[in-house]
Number of protein chains: 2
Amino acid sequence: MESMMGHGTSAKPLSEQVYSYLWTRIQRGEWREHQKLPSVRTLAAELDVHRLTVFKAYQRLKDEKKVYVKDKSGYYVHPGGRLPFDDLEYPIVSSYVQNSHLSEIHRVPAAYQFSYALLDPNLLPNRYFSAYVKDIFDRYPKVLGTYSTVQGDEELREALAGFFARHHRLHLPADSILITTGSQQAIDLIARVLVQPMDAVLIERPTYSAAIDIFRQQGAQLLPVEIHPFGYDLEQIESYMKRYKPRLFYLNPTFHNPTGYTVPAIQRKQLVELAERYRCFLIEDDPFHDIYFAQQPPAPLYSYSTEGYAAYIRSFSKYVAPGLRIAAVCMQPALMKHLLAVKSLADNGSPLLNQKIFLHYFTSDRLVQHMEKLRIALNVRKSIMEEEMSTTTWKWKSPEGGFNLWVKLPDTVPMDVLLAESIEQSISFVPGAICDPLKESRSWMRLSYSYINEKQLRDGMRLLIQLAGQLEGRNS
Amino acid sequence: MESMMGHGTSAKPLSEQVYSYLWTRIQRGEWREHQKLPSVRTLAAELDVHRLTVFKAYQRLKDEKKVYVKDKSGYYVHPGGRLPFDDLEYPIVSSYVQNSHLSEIHRVPAAYQFSYALLDPNLLPNRYFSAYVKDIFDRYPKVLGTYSTVQGDEELREALAGFFARHHRLHLPADSILITTGSQQAIDLIARVLVQPMDAVLIERPTYSAAIDIFRQQGAQLLPVEIHPFGYDLEQIESYMKRYKPRLFYLNPTFHNPTGYTVPAIQRKQLVELAERYRCFLIEDDPFHDIYFAQQPPAPLYSYSTEGYAAYIRSFSKYVAPGLRIAAVCMQPALMKHLLAVKSLADNGSPLLNQKIFLHYFTSDRLVQHMEKLRIALNVRKSIMEEEMSTTTWKWKSPEGGFNLWVKLPDTVPMDVLLAESIEQSISFVPGAICDPLKESRSWMRLSYSYINEKQLRDGMRLLIQLAGQLEGRNS
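Per an unreviewed UniProt entry, the recorded name for chain A is PLP-dependent aminotransferase family protein, and the organism is Brevibacillus composti. Quoted verbatim from the Sequence similarities (unreviewed entry) field of the UniProt record, the comment on chain A reads "In the C-terminal section; belongs to the class-I pyridoxal-phosphate-dependent aminotransferase family."

And the structure:
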């Protein structure tokens, strides 16, 4: 595992992780004052790391007077080294708890909101919804008094199975579908079923930042796979699969977030073959499938899968109604039963009201009309953003769908400073490093054109370009 | 930790757990064919179990020809012992995935539904809701286009803070409240923040069965604390806290599920003192607080807490509207920030629509009127159930609130057989063993009187009593 660590895929160096592991437990009183701690050899075996790594962690604890050495025989808990338990500045929590970095950015209020890959609420048929929801209550008068089943409303799952068959060449029974509260819950549940601490997980670089955090929280070792305008380097993927036996590959091959790239059909087929050969689950996240500007994207990878080494996560929050938080997971039955067990304990089923509201709108002609307008509106917004950037030296590949532009700025623009100054001007965007499992991509940013109107887009982009220009001038 | 295992608190014997641990990893290819496995000594240290336990697990693997012994030097992976990966009858999933046993019982359809501790949908003001929800859309026209914040709608959190202060002597800022999708999500999130594998956790016996499953899923060692009509044995709790340093005590002290008992005010105060002395978090689940028949129960434990070693989970699904799935968690700020991080990754916030619908109904006069009727209706249903049982030798303590009767049948009635025969007669109930972390309580059952109407209650109880009588006759 050491060589994987060498990639720097972990949040912090391994010896620091071991240090935290020990220090958390000392504070929690698992070892008392003057009690002997596990030997370097035992701990290295237990944690599956090199002895030197454990040694380093102990040295740091020793330097900080949290442990002491006696008779060359080992490390002991230093009296007083343990912090008082009620000093809650050192909260005593599971070491697997991760912060979600994207949600921190999203908490910043901004007039020029380029960080939300979320549909402008003004683009939804809000007036229609008000009368429509009343109909739902008339149709299901007891909907507020009823829990959903854990797997989700059967009527909805049947409707989705029909939709997937008609539109995406995905043929599967309603029992292979689970309804979740948004795709993020789907990723989290899958991670809880499939990933154990120290498991290798392939993840795109860049990718959806919350997915990075979820797999890290689960204790995974992340192996980044670059995504290019043409797709992936399949040889690299095969060599990773061969060498590290990754548990799964989390990927977003259609109008990829954040780059907008789409993996071509031929690679989808090849990827499924690789996954089956090396028994690595492909977890395909596909929120933007229907948000295309000109032509439909290739069918989901899941449609090529025959041996069950794929799962399909389909969020509808991007265009149906974000406020409902409805997503679906498709998965073969042998795994589905485990996913259901975790979902059952996680929240015992998503709210029924939301599923019923979603169901009838999703299957209505109203949505078809709405989608046509939506594609035009989003394409116009994208063009405005690109038009404003055409005066700069910034680089990007124009996407054929989705909500985002992945933009490279000149190296001389310090992204951290640009973000800080932007926030002061009420502009928000996602710095590339947040989308990068290696925390690099420092010249990149994700700009979403989906959330604010055309005038705000133009004004916000001009301000942002001006700010970046000033910083570039200062540093060149 | 061995002595804790001796209590039988774990789902299966420890050596079988070790066996599964090894076999799962062999199947996953963590050790290749003919590769040496960890020594008994190393593995015993790693898993913190006795060497004999590891030895037994290895013996079983050896007997099943999954490993072989060489030169007395150790255990090696047997070639061919490893199952083909695509034999998905042995799904390769995280060993922490637990089944939720209660949800299995709930999946059985039944005309005489005594297993749902859930309000009869006919007792909700359904007609009122239909017009009411339209008002919500008029008030928040973009509610379907908007995500909630991770912590939950601020307007709702302010309203709840006011409610807790007025009704429960709980004074806390809105920032100390998190909105979750039902109380089960709250328990799961708290477990993910506070509990690491092998942590000791105090849990009532009997208790809410999904909580047992959640803490087991997190890898906790459960220490059962008996709940009696008078409350707990505080000396036993103190000795557990002293000896095992439990991370938390999950408890439901008001109209307890399943027994209906209420822990008196004086014990609440003493428990908080114990928790603070031994730094054990009290996780108070309080879904039935407002479902009292005559007089209000004592204030929540949380209201006695000053040092932050308590959290309060308040579900409103029992009487406001189950279909909305709204619960609140109250917790001190230093822990709340970690809970928010986990919630952020788990689903990025509960749906806003549900929070807004809940908010206005919860603060309306309509709910006050509704509660008065509800208390009467539930009390009548409880009396009918008790009246029917008055002809039997069954034993129970009449609860002063809540939805459940905890009933002891004669020892000669085999509960498994009674459940099987009941299900055939379209009667469903919760067998006591499901609520027992020790899986005992075999003469007990939980009967909920909340879900079906008076006639169904009477008919169902007569049938159930008849079935039990026949079984008793057969076995005595």
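*Asks:* Would you explain unusual backbone geometry in this entry?
*Replies:* Trans peptide bonds make up the majority, and among non-glycine residues the majority have a negative phi. All names here are of chain A. Going from Arg205 to Pro206, the amide bond is cis rather than trans, its omega being -5 degrees. Structurally, the position occupied by Pro206 is in the loop between β5 (200-205) and α9 (209-217). For the bond from Asn257 to Pro258, the omega torsion is 10 degrees, close enough to zero to count as cis. Among the structural elements, Pro258 can be located in the loop between β7 (248-251) and α11 (265-278). Its identity as a non-glycine residue notwithstanding, Lys245 has a phi of 45 degrees, on the positive side. Among the residues examined, Lys245 registers a relative accessible area of 42% and is labelled partly exposed. You will see that Lys439, though not glycine, has its phi angle at about 60 degrees, which is positive. Structurally, Lys439 is set in the loop between β13 (430-431) and β14 (444-448).

*Asks:* Quick question: what am I supposed to make of the domain arrangement of chain A here?
*Replies:* All names here are of chain A. Domain boundaries assigned for chain A yield domain 1 (2-77), domain 2 (101-121 + 367-475) and domain 3 (126-365). The C-alpha centroid of domain 3 is placed 25 Å from the C-alpha centroid of domain 2. Counting from both sides, the interface comprises 35 residues of domain 2 and, opposite them, 34 residues of domain 3. Between domain 2 and domain 3, the buried area comes to about 3000 Å², and carbon and sulfur atoms account for 60% of it. When the buried area of domain 2 at its contact with domain 3 is split by residue, Leu367, Arg375 and Pro437 rank highest and sum to 24% of it. On the surface where domain 2 and domain 3 come into contact, there are two salt bridges. Arg205 is paired through a salt bridge with Asp436; the nearest N and O atoms lie 2.7 Å apart.

*Asks:* Help me understand the environment of A:Val193, please; the structure alone is not making it clear to me.
*Replies:* Residues and elements named next belong to chain A. Position of Val193 among the secondary structure elements: in helix α8 (residues 182-194). Judged by relative accessible area, Val193 falls into the buried class, the value being 3%. It is 9.7 Å that separates the C-alpha atoms of Val193 and Leu340, two residues lying 147 residues apart in sequence.

*Asks:* Looking at this model, I keep getting lost on the relation of the copies chain B and chain A. Mind explaining?
*Replies:* The two chain copies are connected by a rotation around an axis plus a translation along it. The transform that puts chain B on chain A rotates by 180 degrees and translates by 0.0 Å along the axis, for an RMSD of 0.2 Å. Interpreted geometrically, this transformation is the action of a two-fold axis. Comparing contact sets, 100% of the residues at the interface of chain B also lie at the interface in chain A, consistent with an isologous, same-surface contact.

*Asks:* Mind showing me how you'd approach the environment of A:Asn475 here?
*Replies:* Structurally, A:Asn475 is set in helix α16 (residues 454-475). Aside from chain neighbours lying at most four places away, what touches A:Asn475 is A:Thr412 and A:Pro414.

*Asks:* Hey, could you run me through the interface of chain B and chain A in this one?
*Replies:* Where interface size is given, it is often the accessible area lost as the parts come together that is meant. Taken residue by residue, the interface counts 83 residues in chain B and 84 residues in chain A. Together chain B and chain A conceal approximately 7700 Å² of surface at their shared face, both sides included; 55% is due to carbon and sulfur atoms. Put simply, chain B and chain A have two salt bridges between them. Its salt-bridge partner being A:Asp188, residue B:Arg192 comes within 2.7 Å of it at the nearest N-O pair. Linking chain B to chain A there are 18 residue pairs in polar contact (both at pLDDT 80 or more).

*Asks:* Is there a simple way to think about the sheet that holds strand β11 (residues 404-408) of chain B in this case?
*Replies:* Note on sheets: strands pair through backbone hydrogen bonds, and any given pair is parallel or antiparallel. All names here are of chain B. The sheet built from three strands is open, its strands ordered β11-β14-β13 with antiparallel pairing. Single-partner strands in this sheet number two, and they are β11 and β13 (430-431). Where β13 lies against strand β14 (residues 444-448), two bridges are found, and the strand directions are antiparallel. By the bridge assignment, Val430 is partnered in β14 with Arg446. Contacting β11 and β14, helix α14 (residues 365-389) crosses the sheet at an angle of about 15 degrees to β11.

*Asks:* I tried to follow empty space enclosed by the protein on my own but got confused; where do I start?
*Replies:* It is the rolling of a water-molecule-sized probe over the atoms that shows where space remains empty. By the definition in use, this model includes three cavities of 30 Å³ or more. Reported here for the largest cavity is a volume of approximately 50 Å³. Elements that contribute at least two residues to the lining of the largest cavity include exactly α8 of chain A together with α8 (182-194) of chain B. When the residues that make up the lining of the largest cavity are grouped by side-chain class, the tally is four nonpolar, two polar and four charged.

Criteria and cut-off values
Residues numbered from 1 in each chain as written. Chains lettered and ligands numbered in written order. Predicted model: local features only at pLDDT ≥ 70, side-chain atom pairs only at ≥ 80, totals over all residues. Heavy atoms only, no water. UniProt positions renumbered as here; feature names shortened; annotations may be inferred. Helix = DSSP H or I, 4+ residues; strand = E, 2+ residues; numbered from the N terminus. Buried < 20%, exposed > 50% of the residue type's maximum accessible area, 1.4 Å probe, protein only. Domains from an automatic or database assignment. Contact = heavy atoms within 4.5 Å. Buried area = accessible area lost by both parts, 1.4 Å probe. Salt bridge = Lys/Arg side-chain N within 4 Å of Asp/Glu carboxyl O. Least-squares fit on C-alpha atoms with pLDDT ≥ 70 in both. Polar contact = N/O pair within 3.5 Å; in protein donor to acceptor, adjacent residues only side chain to side chain. Pairing = 2+ DSSP bridges. Axes fitted to C-alpha atoms, helices over the stretch in contact; angles between N-to-C directions. 1 Å grid on protein atoms, 1.4 Å probe; cavity = no way out; pocket = protein on both sides within 12 Å on 5 of 7 lines; lining within 4 Å. Points joined across faces, edges and corners; volume = space filled by probe spheres on them. Nonpolar A, V, L, I, M, F, W, Y, C, P; charged D, E, K, R; others polar.

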